[in-house]
Amino acid sequence: MHVLGRPMAAGMTFAARPIGGFTDHIVNNERNAMTKFKLEYIWLDGYKPVPNLRGKTQIKEFESFPTLEQLPLWGFDGSSTQQAEGHSSDCVLKPVAIYPDPVRTNGALVMCEVMMPDGVTPHSTNTRATILDDEGAWFGFEQEYFFYKDGRPLGFPEHGYPAPQGPYYTGVGYKNVGDIARDIVEEHLDICLEAGINHEGINAEVAKGQWEFQIFGKGSKRAADEIWMARYLLERVCEKYGVDVEYHCKPLGDTDWNGSGMHCNFSTKYMREVGGKEYFEALMAQFGKNWKEHIDVYGPDNDKRLTGKHETAPWNKFSYGVADRGASIRVPHSFVNNGYKGYLEDRRPNSQGDPYAIASRVLQTIAEVPLPASAAA
């Protein structure tokens with residue numbers, strides 16, 4: 001296009017003016033350009049006993065990286081995710097957390113809750129909406145999992161088993177970790193950190209093909225959001241390697257191979273700052289009393305994992321002990337040495353557990369233990 005005999009520069013548009021004031025007025029669109037962002041809305045479906053992660057992308061224009069408040073609600077077909085019937089299939093995604101997506105240009109990862117069509121009422125599968133939340137509660141989740149390829153753990157032969165477990169935990173070298181797994185976990189670690197997820201570390205685990213990553217968060221919702229997002233990113237990374245993530249707590253069944261957990265390290269402000277042996281013992285008594293309520297939300301098939309073998313306590317018997325990895329709750333030496341103040345590790349949650357439900361159950365039991373009158377005031 002030409003204006004007054006001159007070619008129009010790329011990115012420029014002509015602005016019409018009244019005839020009396022006609023000039024070669026040029027508006028540079030680039031000056032006020034909006035950026036198209038790729039928003040990946042991520043949610044949990046309605047499958048039982050373990051929900052699957054789902055995701056779909058929409059494109060929206062913003063002047064800069066969007067805030068949570070700028071993100072719209074978005075509908076989806078709940079009849080395809082076990083969250084609605086076909087004759088009334090609309091469900092709604094409500095953004096609750098946003099992270100930059102390091103893999104996509106102008107990308108954003110949007111964690112969502114599932115709502116009913118009114119956009120206000122939480123869907124029955126929305127466990128985040130009912131979670132107990134306390135910003136003074138700190139959670140650290142240790143997510144174990146297996147890499148699977150061709151129906152077996154990565155590094156397992158087509159028939160039989162590899163050498164017995166022993167050298168694989170924190171192992172180094174091809175014979176212990178193979179030639180793909182470390183590339184995946186390192187890439188996943190980098191992506192999580194670039195996305196602002198509070199990823200705290202990785203290591204190869206006890207069984208061959210088994211790994212772990214750790215996520216820490218202040219506040220139960222934040223910690224649980226970031227575990228789900230880290231799971232999503234791990235599965236997405238694995239796509240290009242032709243590898244699956246197996247989160248089942250005992251994928252190799254009743255064999256001499258470890259299962260997978262998601263140990264839950266927790267503390268409250270009172271536990272960190274006041275604590276004391278009397279309060280600790282009351283807390284453990286309440287955890288013991290509520291053992292079944294905890295097991296009910298600590299992940300499916302936990303009876304197959306919590307057998308008393310392979311660094312586990314029996315699923316139906318509560319116990320605790322200092323530095324005891326065979327107990328339900330491990331008490332760190334630092335906790336005792338610091339006057340029974342600090343964090344505790346519940347080793348019972350398994351790798352398929354819902355961190356929203358796990359954190360909420362932990363906080364419910366803690367809330368049932370009365371504080372001294374001076375602290376409560």
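Residues numbered from 1 in each chain as written. Predicted model: local features only at pLDDT ≥ 70, side-chain atom pairs only at ≥ 80, totals over all residues. Heavy atoms only, no water.

Q: Which residues make up the overall build of the protein chain, and what values go with them?
A: Scanning the protein chain from N- to C-terminus turns up 10 helices and 18 strands. For the protein chain, the exposed surface amounts to about 18,300 Å²; the carbon and sulfur share of it is 50%. Between the averaged position of the 39 positive side-chain charges in the protein chain and that of its 50 negative side-chain charges there is a distance of 2 Å. (Helix = DSSP H or I, 4+ residues; strand = E, 2+ residues; numbered from the N terminus. Areas by Shrake-Rupley, 256 points an atom, 1.4 Å probe, with all protein chains shown as cover. Lys, Arg positive; Asp, Glu negative; His and termini not counted. Charge placed at Lys NZ, Arg CZ, Asp CG, Glu CD.)

Q: Outline the packing of aromatic side chains, supporting the account with residue identities and numerical values.
A: Taken as a whole, this structure holds 22 aromatic pairs when the rule is applied. Measuring from centroid to centroid gives 4.8 Å for Y270 and Y279, while their planes differ by 65°, and the two rings are edge-to-face. The exposure class assigned to Y270 is buried, which follows from its relative accessible area of 13%. Exposure remark for Y279: the relative accessible area of 9% places this residue in the buried category. Put simply, the rings of F280, F318, Y320, F335 and Y340 pair up and form one aromatic cluster. A cation sits over an aromatic face here: K56 above W74, 4.0 Å from the ring centre. Between the NZ or CZ atom of R231 and the centre of the ring of W228, over which it lies, the distance is 4.5 Å. (Phe/Tyr/Trp six-rings, centres within 6.5 Å; stacked < 30°, edge-to-face > 60°. Buried < 20%, exposed > 50% of the residue type's maximum accessible area, 1.4 Å probe, protein only. Lys NZ or Arg CZ within 6 Å of the ring centre and 35° of its normal.)

Q: So what about the sheet that holds strand β7 (residues 74-77)? Which residues, and what values?
A: Judged by pairing direction, the sheet is mixed, and its five strands sit side by side in the order β6-β5-β9-β8-β7 without closing on themselves. The open sheet has two edge strands with one neighbour each: β6 (53-62) and β7. Taking the axes of each pair of neighbouring strands and ignoring which way they run, one obtains an average angle of 40° across the sheet. Strand direction decides the pairing type here: β7 and strand β8 (residues 90-101), joined by four bridges, are antiparallel. Among the inter-strand pairings, W74 is bridged to a residue of β8, identified as L93. Each of β5 (35-44), β6, β8 and β9 (107-115) is contacted by helix α3 (residues 220-239), which is oriented at about 120° to β9, the strand it contacts most. (Pairing = 2+ DSSP bridges. Axes fitted to C-alpha atoms, helices over the stretch in contact; angles between N-to-C directions. Contact = heavy atoms within 4.5 Å.)

Q: Go over the state of the cysteines with me, naming the residues and quoting the values.
A: In the structure shown here, the tally under the stated rule is zero disulfides. For the unlinked cysteine C91, the closest cysteine sulfur is that of C112, found at 13 Å. Among the cysteines around C249, which has no disulfide bond, C264 carries the closest sulfur, lying 16 Å off. On the accessibility criterion, C249 (0% relative accessible area) is buried. (Disulfide = S-S within 2.5 Å.)

Q: So what's going on with unusual backbone geometry? Which residues, and what values?
A: Residue P49 is bonded to the preceding K48 through a cis peptide linkage, with omega at 0°. On the secondary structure map, P49 appears in the loop between β5 and β6. The phi torsion at T170 lies on the positive side, around 55°, for a residue other than glycine. Examined against the element boundaries, T170 turns out to sit in the loop between β11 (152-153) and α1 (174-177). Phi is positive for H310, which is not a glycine, with a value near 50°. Note on placement: H310 falls in the loop between α7 (302-305) and β16 (320-322). Looking at H310, the relative accessible area reads 22%, which means it is partly exposed.

Q: How would you summarise the packing of helix α5 (residues 277-289) against helix α9 (residues 355-367) if you had to cite specific residues and measurements?
A: At a minimum axis distance of 9 Å, the contact between α5 and α9 shows a crossing angle of 125°. Compared by their axis directions, α5 and α9 come out oblique. The two elements α5 and α9 meet at a crossing, and its hand is right-handed. Contacts from Y279, L283, Q286 and F287 in α5 reach V362, T365 and I366 in α9. Here the residues of the contact of α5 with α9 are counted per class, giving five nonpolar, two polar and no charged. (Parallel < 35°, antiparallel > 145°, perpendicular 65-115°, else oblique. Left-handed = near helix turned anticlockwise from the far one by under 90°. Nonpolar A, V, L, I, M, F, W, Y, C, P; charged D, E, K, R; others polar.)

Q: Explain the packing of α3 against α9 to me, and be specific about the residues and the numbers.
A: At their nearest, the axes of α3 and α9 sit 9 Å apart, and the two run at 155° to each other. The angle between α3 and α9 falls in the class roughly antiparallel. Helix-helix and strand crossings are classified by hand; for α3 and α9 the assignment is right-handed. Contacts between α3 and α9 involve S220, K221, A224, D225, I227, W228 and R231 from the first element and P355, Y356, A359 and L363 from the second.

Q: Help me get a handle on the pattern of salt bridges, residues and values and all.
A: The full count for this structure, using the stated rule, is 14 salt bridges. Among the salt bridges present, the one from D296 reaches K292, with a minimum N-O distance of 3.3 Å. Here D296 pairs with K292, and both are found in helix α6 (residues 291-297), just four residues apart, close to one helical turn. Residue classification places D296 among the exposed positions, given a relative accessible area of 52%. Across the pair E345 and R347 runs a salt bridge, and its minimum N-O distance is 3.4 Å. Using a relative accessible area of 7% as the deciding quantity, one classes R347 as buried. (Salt bridge = Lys/Arg side-chain N within 4 Å of Asp/Glu carboxyl O.)

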